[in-house]
Amino acid sequence: MQNPSDPAEQLDRNSGPIDLQDDLEGDTLREECGVFGIFGHPEAAAITALGLHALQHRGQEAAGIVSFDGSRFHSERRLGLVGDTFSRREVIERLPGNAAVGHVRYATTGATILRNVQPLFAELNAGGFAVGHNGNLTNGLTLRRELVLHGAMMQSTTDTEVILHLVAQSKRTRFVDRFIEALRTIEGAYSLTALTNKKLIGARDPLGIRPLVLGDLDGHPILTSETCALDMIGAKYIRDVEPGEIVVFDEKGAHSHKPFPPKPPRPCIFEYIYFSRPDSIVGGRSVYEVRKAFGAQLARESRVEVDVVVPVPDSGVPAAIGYAQHSGVPFELGIIRNHYVGRTFIQPTQSVRELGVRMKHSANRAAIEGKRIILIDDSLVRGTTSKKIVRMMRDAGAREVHFRLASPPILYPDYYGIDLPDRGGLLAATHTLEEMREIIGADSLAFLSIDGMYRAMGEPGRDPANPKFSDHCFTGAYPTHLTDQSETEPSPRQLSLLAEAS
């Protein structure tokens, strides 16, 4: 949800010191956020904080909660992890009320500044309005320019603020109609949780690209990005919010609105490959079982004679289990992940930075020395981390190192909320399979086929005329208009002179 081309953000990024953790994690997929909302519960803020803990994997840069106590809204937005702020009693006590929305955020580029942390809040003529957004608007920059041209004063660099202004400018009488009118204007991917002084609102884009589910805790409705957040608080899963649906909860009960013409759903395939927690159910499918099926399909398509199957933790573990179970090759934890790597460790020299991968991953020599191993990972972006891991395996005594990816080659950038580089930064888009194998240093390299990915999802294969998922990163078949990408105007220079202490 952050404008990836904002000059002030880019300047901040390019002028600052290089963080070792950025180097270690620059070769991975990132999604921007997770959302949570609850209505009518006397401990709404505390429940929201617990839900955000469960969604922490969807964003680690910042977290925020807005609550409503019947007369006033209360907001706490902070940089850092959920537990850094919202595990403290005094913070929760500053968020009274029986309704709340929360958000965890990952900043796609540049510095994270406090005014970008969600939920965003605005005082409208109808009252307060807080909104949290998972996804990315593909016409957000275009709408932003139009709004600024007509006098809007933007306070953040997120496309989510566009939604606030569109709602504010609507002339409709009922708030839900104003909200719907705003959604008719935007394009791209979004799951939204919003709070007014009377309602909790959830909305999902017409293609259902980003997930949103409905739950119930002791008769109180919950909206959240994943079912794992419901499990965390002991809530019951009710159903997925349907693509294009707007759900509203108030004192009179629940209301559903479907203002968009129905379209075949196109949920994001990366929710299954990487983003969602393995214990979540997405679109009626167990993420864990799907990832195991990816691994089993890999074993069918590109099996090689090895002694052990080794996952690249943590995201490669379920696929590696599936590969091992189907192939009969033993599964071993040949790599141990350190879960306690902080984000403040800065090394001054590149030679020392090269050792940094060992801060996050360490070889388990007893499991791999003298053996032929196959490494299983979820995906490959730039290849820098994969290269370091292969080298680590060889240094630990592996006789052969084969590499398998439980997804197809990533050939195209994403514009719906995944932080991916342009095509020039994607290894598979700029190199042949053999060139990638040489760069990584593996004895063999193979990816899951696109049809194999669909078969692992229970489909007969990919139907080009009617793909069941948003798979544009592999195919280039973007499911919506990419209005901002066709624009030639420079991005608006919001916050060009303002740096905010955090």
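Residues numbered from 1 in each chain as written. Predicted model: local features only at pLDDT ≥ 70, side-chain atom pairs only at ≥ 80, totals over all residues. Heavy atoms only, no water.

A word on the overall build of the protein
The number of helices and strands found in the protein is 21 helices and 21 strands. When the 502 residues of the protein are sorted by exposure, 57% land in the buried category. A fraction of 71% describes how many contacts in the protein between residues 6 or more apart in sequence connect residues 24 or more apart. Split by element, the accessible area of the protein, about 20,300 Å² in all, is 51% carbon and sulfur. (Helix = DSSP H or I, 4+ residues; strand = E, 2+ residues; numbered from the N terminus. Buried < 20%, exposed > 50% of the residue type's maximum accessible area, 1.4 Å probe, protein only. Contact = heavy atoms within 4.5 Å. Areas by Shrake-Rupley, 256 points an atom, 1.4 Å probe, with all protein chains shown as cover.)

Observations concerning the nonpolar core
The biggest cluster of nonpolar side chains holds 40 residues, and the ones touching the most others in it are I269, F270 and F294. Mapped by element, the contributors of at least two residues to this core are α10 (270-275), α11 (287-302), α12 (317-327), β19 (372-377), α19 (450-456) and α20 (472-475). Looking at which element gives the most residues to this core, the answer is α11, with 5 residues. In contact with I269, other than residues within four places in its own chain, are M453, M457, F469, S470, D471 and F474. L124, A152, V162 and F179 belong to the second-largest nonpolar core, a separate cluster that totals 30 residues. (Core = buried A, V, L, I, M, F, W, Y, C linked by side-chain atoms within 4.5 Å.)

Notes on the sheet that holds strand β21 (residues 444-447)
The pairing of strands in a sheet comes from backbone hydrogen bonds and takes either a parallel or an antiparallel form. The strand order across the open sheet formed by 4 strands is β16-β19-β20-β21, and the pairing between neighbours is parallel. Strands at the two margins of the open sheet, each flanked by one partner only, are β16 (308-311) and β21. Geometrically, the sheet is characterised by an average inter-axis angle of 20° between neighbouring strands, direction not taken into account. In the sheet, β16 pairs with β19 via 4 bridges, with the strands oriented parallel. The residue of β19 that forms the bridge with V310 is L375. With respect to the sheet, α12 is in contact with β16 and β19, its orientation differing from that of β16 by roughly 165°. Each of β19 and β20 (400-405) touches helix α16 (residues 384-395); the most contacted strand, β20, lies at about 150° to it. (Pairing = 2+ DSSP bridges. Axes fitted to C-alpha atoms, helices over the stretch in contact; angles between N-to-C directions.)

As for the sheet that holds strand β12 (residues 246-250)
Pairing within the open sheet is antiparallel, and its 6 strands lie in the order β5-β6-β7-β8-β12-β13. The open sheet has two free edges, formed respectively by β5 (120-124) and β13 (253-257), since each of these has just one partner strand. Between one strand axis and the next, the sheet turns through 20° on average, direction left out of account. In terms of strand pairing, β5 meets strand β6 (residues 127-137) through 5 bridges, oriented antiparallel. Bridge pairing in β6 links L120 to V131. Against the sheet, helix α8 (residues 175-185) contacts β5, β6, β7 (188-196), β8 (200-204), β12 and β13, and its axis sits at roughly 160° relative to β7.

Looking at the packing of helix α6 (residues 140-149) against helix α7 (residues 160-169)
Between α6 and α7, the least distance of the axes is 10 Å, while the angle of their chain directions is 50°. By the angle between their directions, the pair α6 and α7 is classed as oblique. Between α6 and α7 lies a crossing of left-handed hand. Of the residues in α7, those in contact with G140, L143, R144 and L147 of α6 are V162, H165, L166 and Q169. Class assignment for the residues of the contact of α6 with α7 results in 4 nonpolar, 3 polar and 1 charged. (Parallel < 35°, antiparallel > 145°, perpendicular 65-115°, else oblique. Left-handed = near helix turned anticlockwise from the far one by under 90°. Nonpolar A, V, L, I, M, F, W, Y, C, P; charged D, E, K, R; others polar.)

Some points on the side chain of N134
Positionally, N134 belongs in strand β6. A relative accessible area of 0% means that N134 is categorised as buried. A polar contact of 3.1 Å, which involves the side chain of N134, links it to the backbone oxygen of C33. A distance of 3.3 Å separates a polar atom in the side chain of N134 from a polar atom in the side chain of R58. (Polar contact = N/O pair within 3.5 Å; in protein donor to acceptor, adjacent residues only side chain to side chain.)

Details of the pairing of β13
For a regular strand, side-chain orientation follows a simple rule: the groups alternate between the two sheet faces. Relative to β13, β12 runs antiparallel, the two sharing 5 bridges. Each bridged residue has a counterpart across the sheet, and for V248 the counterpart in β13 is H255. Hairpin connection from β12 to β13: 2 residues lie between these consecutive antiparallel strands.

Topic: the packing of aromatic side chains
Given two aromatic rings, their pairing is described by the distance between the two centres and the angle made by the two planes. One pass over the structure, following the stated rule, counts 10 aromatic pairs. Where F68 meets F73, the ring centres are 4.5 Å apart and the plane angle is 40°; that geometry is what we call tilted. When its relative accessible area of 18% is taken as the criterion, F73 is described as buried. Among the aromatic residues, ring-to-ring pairing joins F270, Y274, F275 and F474 into one connected group. The cationic tip of R184 hangs over the ring face of F260; the distance from NZ or CZ to the ring centre is 5.9 Å. (Phe/Tyr/Trp six-rings, centres within 6.5 Å; stacked < 30°, edge-to-face > 60°. Lys NZ or Arg CZ within 6 Å of the ring centre and 35° of its normal.)

Details of the packing of α11 against α12
Two numbers describe how α11 lies on α12: the axes approach to 6 Å, and their chain directions differ by 50°. Overall, the two elements α11 and α12 adopt an arrangement that is oblique. As α11 packs across α12, the resulting crossing turns out to be right-handed. Residue-level contacts link Y288, R291, K292, G295, A296, L298, A299, R300 and S302 of α11 to P318, A319, I321, G322, Y323, Q325, H326 and S327 of α12.

A word on the layout of surface pockets
One water molecule sets the probe size; rolling that probe over the atoms shows where empty space is left. One number sums up the size of the second largest pocket: a volume of about 450 Å³. If you go around the second largest pocket, you meet 19 residues; those closest to its centre are T196, N197, K198, K199 and D250. If you list the elements that add at least two residues to the lining of the second largest pocket, you get β6 and β7. Here the residues of the lining of the second largest pocket are counted per class, giving 6 nonpolar, 7 polar and 6 charged. (1 Å grid on protein atoms, 1.4 Å probe; cavity = no way out; pocket = protein on both sides within 12 Å on 5 of 7 lines; lining within 4 Å. Points joined across faces, edges and corners; volume = space filled by probe spheres on them.)

Some details on the confidence of the model for the protein
Mean pLDDT for the protein: 89, with 85% of residues reaching 70 or above. Confidence drops under pLDDT 50 across residues 1-25; counting only partners more than four residues distant or on other chains, this segment forms 77 contacts. Segment residues 343-348: pLDDT under 50, and 15 contacts once partners within four positions in sequence are set aside and those in other chains are kept. (pLDDT = per-residue confidence, 0-100.)

Observations regarding unusual backbone geometry
In this structure, P119 follows Q118 across a cis peptide bond, with omega equal to 5°. Inspection of the secondary structure puts P119 in the loop between β4 (99-105) and β5. The peptide bond linking P313 to D314 adopts the cis configuration, its omega dihedral lying at -5°. Relative to the helices and strands, D314 resides in the loop between β16 and α12. Backbone geometry places D218, a non-glycine residue, at a positive phi of 55°. Considering the arrangement of structural elements, one finds D218 in the loop between β9 (213-217) and β10 (220-224). Relative accessible area serves as the criterion here: at 65%, D218 is assigned to the exposed category.

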